[in-house]
Structures are given as structure tokens and as C-alpha cells.
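Coordinate analysis (summary)
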Amino acid sequence: MNGVHDLGGMHGMGPIEPETNEPIFHARWEARVFALVRAMGAWRKWNIDASRHQRELIPGPEALRMSYYEKWLAGLLELIVAKGLVTRSEIESGHASPGSTKATPALSANAVSQLVARGAPANRDLRVAPRFKTGQRVRARNINPVGHTRLPRYVRGKVGTIDSLHGAFVFPDSNAHFKGENPQHLYSVRFAARELWGEDAVTQDSVYVDLWDEYLDPA
Amino acid sequence: MHDSDHDHDHDGAHSTVPPDVALRVTALESLLVEKGLVDPAALDALVETYEHKIGPRNGAKVVARAWVDPAYKKRLLTDATAAIAELGFGGMQGEHMVAVENTSRVHNLVVCTLCSCYPYSVLGLPPVWYKSAPYRSRAVIDPRGVLREFGFELPKDTEVRVWDSTAEVRYLVLPERPGGTESLTEEQLASMVTRDSMIGVGAVQTPLPGNNP
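Residues numbered from 1 in each chain as written. Chains lettered and ligands numbered in written order. Predicted model: local features only at pLDDT ≥ 70, side-chain atom pairs only at ≥ 80, totals over all residues.

**Side note on the overall build of chain B**
Across its full length, chain B carries 11 helices and four strands. By residue count, 53% of the 213 residues in chain B fall in the buried class. A fraction of 65% describes how many contacts in chain B between residues 6 or more apart in sequence connect residues 24 or more apart. (Helix = DSSP H or I, 4+ residues; strand = E, 2+ residues; numbered from the N terminus. Buried ≥ 20, exposed ≤ 12 C-beta atoms within 10 Å, placed from the backbone. Contact = placed C-beta atoms within 7 Å.)

In C-alpha cells:
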């Protein structure tokens with residue numbers, strides 16, 4: 001979707017404000033939201049793409065005002081309701097509805113180190129040969145889906161060069177909508193800064209973007 | 001992390017946080033515990049992991065090893081995931097790693113324009129500026145201006161490569177080893193490597209000692 005999350009190339013967002021001795025979390029609630037998102041993710045009722053898309057669905061004007069962990073909280077609330085883990089009335093009351101079943105087993109403290117150490121690899125075996133090879137010129141497709149995509153607006157329609165092949169990866173555009181992993185080859189595509197931003201860009205500069213097979217056409 | 005007395009202290013990007021958000025999070029956690037959906041001890045363990053165990057010191061060890069061991073550096077630049085795993089790092093948000101090397105000719109910079117993808121396994125959790133719109137919007141269109149904002153001017157003939165983390169591949173910048181460090185140990189070298197230098201927005205810290213992110 002062409003949302004405010006797709007920021008690449010925009011002006012007017014203000015100065016970058018690095019903070020000296022920045023704490024990992026700025027408040028306890030941020031740490032709890034971070035942990036809740038990870039712990040609830042362990043139920044595997046959704047995937048990382050659905051989780052990202054849920055945050056993209058926050059209306060733009062609100063999203064621009066919200067902090068990072070507020071967006072995480074908003075996305076989590078929507079997902080747990082959509083997946084039937086809790087109801088809206090339970091969230092409002094703060095208590096489990098009478099007679100609701102108790103889930104088991106939740107992620108335990110002992111399982112955390114394994115969850116962190118294992119992560120969630122997104123590469124998949126695929127018996128299809130890659131369509132493109134290193135050095136080949138490709139054009140990013142001009143698509144504007146209303147759903148989730150990881151094809152940023154600033155490269156759509158632009159010509160780049162395949163820099164390397166990463167292997168086959170889960171395709172976010174389908175996975176985010178629970179329509180299957182649809183694994184396909186993922187390429188690192190090099191776009192010259194001048195191709196993206198015009199003649200004023202520095203000749204030798206470039207942007208590398210990881211793009212799935214379906215985002216690309218031969219050029 | 002600030003203690004709970006500071007929950008309502010906000011600055012910069014946090015200034016618009018509604019005061020009741022901390023209460024809402026507490027209520028949500030207690031509901032999820034009541035329903036058996038989360039174990040608070042697991043939440044504590046997750047927070048502890050990223051506050052104290054996994055952070056930019058991991059990445060600094062990788063960089064220092066690459067500086068002192070040419071064979072390791074070669075493995076790092078060929079298969080970063082495996083090379084980083086040799087030092088015991090990997091897993092969540094570091095499943096698929098690529099290391100990109102800064103040289104006298106090439107400068108690399110990492111961003112995620114679509115969200116805030118970041119290599120947790122080697123750098124820990126991202127700082128607020130990395131997750132915020134000003135950096136994410138401008139890193140791809142004006143990397144030299146962004147670097148100027150971080151305090152350094154790149155030579156005109158340097159080649160800038162910006163890496164936009166649009167997939168599950170995570171990028172680690174291998175900064176250039178500063179001159180005059182030949183006599184330093186691997187540990188001393190690691191202490192010079194800043195978090196920002198591994199994102200591509202900062203310099204390696206000199207003189208010693210320095211171990212701020």
C-alpha cells in the first residue's frame with residue numbers, strides 16, 4: 001500500500017536527532033510492548049509480514065504522530081483481536097470474559113533464549129532456477145497494490161542491475177495476507193542514484209534494494 | 001531503561017505519547033497473563049536479553065576479528081551469517097546477514113525505508129533516530145547530507161552505497177581499520193568500534209579508550 005510508512009526519498013521530515021547515551025527503552029512500557037509482541041508472536045497466529053502490514057494500516061496522520069512502540073502496541077491489539085486470542089470487550093474491561101478458555105502453554109522464560117537464538121529464517125528451498133543473473137539489467141515493476149508490499153515507491157519503474165542473488169525467500173505480499181509463503185528468488189538490485197533521483201545526484205553513488213522476483217522485469 | 005518513575009518523561013519523538021499508554025500496557029499484560037497467553041517471566045527474559053546480553057558489542061567483536069584475521073574477514077564478506085555464527089551470534093533479526101566493507105574509496109550506509117529493520121544479533125535494538133522518519137526518508141536520497149548531519153563530510157570522489165533493508169536480509173557495515181592501530185589487541189580494537197560506525201553513520205572511535213555505542 002502507498003502509505004506513510006514508505007518514506008524513502010521524502011523531504012520535510014525534520015532533522016535527525018541522535019540521542020547521547022540513549023537507553024535501550026525510554027520507559028518500562030516500551031520494554032513491555034517489545035516483549036509482548038515477541039511473546040505473542042510465539043503463538044504463530046500471524047507472521048512478521050502480517051505484523052508489519054498491521055502497523056501500516058494505522059491511518060497515516062496518526063502513524064506520523066505515534067512513537068515506534070505505540071505503533072507496535074496498536075498493531076498487536078488489532079492482531080490479537082483479529083486472531084481471536086482476546087475480544088475487544090476483554091481489552092476494554094482488562095479481564096478475561098467469564099467462561100473463556102485459558103490458553104496453554106505460553107512462551108516460558110526458559111524458551112526465550114532458544115526463541116532468540118533460533119530466530120525465524122525466511123529462506124526456503126525452491127527448485128525453480130532464478131530468472132535473473134548477476135549483472136543483468138532489470139526494471140522494478142510499477143505496481144501499486146492496496147495490500148502489503150516491500151517494493152518501495154522510489155524504485156518503481158526504475159532500472160537497476162542485479163548485484164547478487166540471496167536465494168529464495170518467503171514473499172511478503174502474499175504471506176502478510178495469509179495467502180501462502182509463495183517463496184521466490186530474492187535479489188540485491190543496485191540502482192544508480194542518478195536513475196532514482198535525477199541528474200543532480202552524485203554519479204558514482206547508488207542504492208541497493210532487496211527485491212523479489214515478482215517485482216522485476218527484464219530491462 | 002528508566003525506572004517506572006520516569007514512565008511519563010518523554011522527549012523528542014516521544015512527546016506525543018498519551019499519558020495513559022503505560023496504564024494501557026499494564027492492563028493488556030495483565031489480561032494476557034490472566035488468559036494464559038503470556039508468562040511475565042518470559043517478558044522479563046526478553047527485556048533482559050536486549051538490555052544486557054545482545055547489543056553492539058557483538059558487532060564490534062565481529063569487526064575486530066575481521067581486522068586482525070584476513071581469513072575471517074574473507075569469510076565474513078562471503079557468508080556473513082556463517083562467519084558471525086562462528087563468534088556465537090545469530091538468531092532473531094540476524095538470520096540472514098550480509099557484511100559490506102568500507103574502504104578508502106567506498107562508504108556504506110544502512111537504512112530501512114519501509115519500517116525499521118535492523119540486525120539485532122550484532123547491534124541489539126535500533127536507536128530512535130534509526131526508526132524515525134527523518135533518517136528513513138533521507139538516507140536514500142541524500143546520504144551525504146545525512147552523514148553531514150552526523151558530523152562528517154565524505155570526499156567528493158568516494159562512492160556511497162546505501163543498503164535499504166527491504167527484505168529479511170540484515171546489513172552490517174565493516175568499517176575501515178584506523179591507521180596507527182597495528183599494536184592493538186583484538187579486544188582493544190573491538191572497544192573502538194562504535195554502533196554508528198557499523199550502521200555507516202559514524203566513525204570508529206579514536207583515541208582509546210572508547211566504548212560508547
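Having seen the structure, we can now continue with the description.
**Here's the deal with the domain arrangement of chain B**
Entries for chain B in the domain assignment read domain 1 (4-52) and domain 2 (55-199). Taking only C-alpha atoms into account, the centre of domain 1 of chain B sits 30 Å from that of domain 2 of chain B. (Domains from an automatic or database assignment.)

**Digging into the sheet that holds strand S5 (residues 216-218) of chain A**
Strands sit in the order S5(A)-S1(A)-S2(A)-S3(A)-S4(A)-S3(B)-S2(B) across an open sheet of seven strands; the sheet is mixed. Two strands in the sheet have a free side with no partner beyond their single neighbour: S5 of chain A together with strand S2 (106-111) of chain B. Here the average twist between neighbouring strands, direction ignored, is 35°. When S2 of chain B meets strand S3 (residues 159-164) of chain B, the two strands line up parallel, connected through six bridges. When the bridges of S3 of chain B are listed, Asn108 of chain B appears paired with Arg161 of chain B. (Pairing = 2+ DSSP bridges. Axes fitted to C-alpha atoms, helices over the stretch in contact; angles between N-to-C directions.)

**Points about the domain arrangement of chain A**
Residues and elements named next belong to chain A. As assigned here, chain A comprises domain 1 (28-118) and domain 2 (137-218). A C-alpha centroid distance of 29 Å is found between domain 1 and domain 2. Facing the six residues of domain 1 at the interface are five residues of domain 2. Considering only residue class, the side of domain 1 that touches domain 2 consists of one nonpolar, two polar and three charged. (Nonpolar A, V, L, I, M, F, W, Y, C, P; charged D, E, K, R; others polar.)

**Things to note about the environment of Arg127 of chain A**
By secondary structure assignment, the location of Arg127 of chain A is in the loop between helix H6 (109-118) and strand S1 (137-140). A C-alpha to C-alpha distance of 9.4 Å links Arg127 of chain A and Ala168 of chain A, two positions 41 residues apart in sequence.

**What to know about the pairing of strand S3 (residues 184-192) of chain A**
All names here are of chain A. Where burial is concerned, most of S3 is hidden: seven out of the nine residues are buried. Pairing of strand S2 (residues 159-169) with S3, which is carried by seven bridges, proceeds in the antiparallel orientation. Considered in S3, the bridge of Ala168 is made with His185. Bridge analysis of S3 against strand S4 (residues 206-212) gives seven bridges, and the strand direction is antiparallel. In the sheet register, Ala192 faces S4, and the bridge partner there is Ser206.

**Quick word on H6 of chain A**
Taken together, the buried positions of H6 of chain A are Val112, Leu115 and Val116 of chain A. Considered in projection along H6 of chain A, the buried side chains sweep an arc of 90° and stay on one side of the axis. Relative to its buried face, H6 of chain A has exposed residues pointing more than 90 degrees away, namely Asn110, Gln114 and Arg118 of chain A. Contact partners of the buried residues in H6 of chain A: helix H2 (40-53) of chain B. (Arc of directions from axis to C-beta.)

**Overview of the environment of Lys53 of chain B**
Residue and element names in this part refer to chain B. Along the polypeptide, Lys53 turns up in helix H2. The exposure class assigned to Lys53 is partly exposed, which follows from the 13 C-beta atoms found within 10 Å. Between the C-alpha atom of Lys53 and that of Gly124, which follows or precedes it by 71 residues, the distance is 8.6 Å.

**A few points about the interface of chain A and chain B**
Across the boundary between the two partners, chain A contributes 75 residues, which contact 71 residues of chain B. Every element with two or more residues in the side of chain A that touches chain B is listed here: helix H1 (28-41), helix H4 (68-82), helix H5 (88-93), H6, S2 and S4 of chain A. The greatest single-element share of the side of chain A that touches chain B, amounting to 10 residues, is contributed by H1 of chain A. Looking at the side of chain A that touches chain B residue by residue, the classes come out as 43 nonpolar, 16 polar and 16 charged. Both S4 of chain A and S3 of chain B contribute to a ladder of four bridges, which runs parallel. Considered in S3 of chain B, the bridge of Val209 of chain A is made with Asp164 of chain B.

**So, the packing of helix H2 (residues 48-56) of chain A against H4 of chain A**
All names here are of chain A. Two elements in contact, H2 and H4, have axes whose closest approach is 8 Å; the angle formed by their N-to-C orientations is 110°. As judged from the angle between their axes, H2 and H4 are roughly perpendicular. Seen along the crossing, H2 lies across H4 with a hand that is right-handed. Together, Ser51, Gln54 and Arg55 of H2 and Lys71, Gly75, Glu78 and Leu79 of H4 make up the contact between the two elements. For the contact of H2 with H4, the class distribution of residues is one nonpolar, three polar and three charged. (Parallel < 35°, antiparallel > 145°, perpendicular 65-115°, else oblique. Left-handed = near helix turned anticlockwise from the far one by under 90°.)

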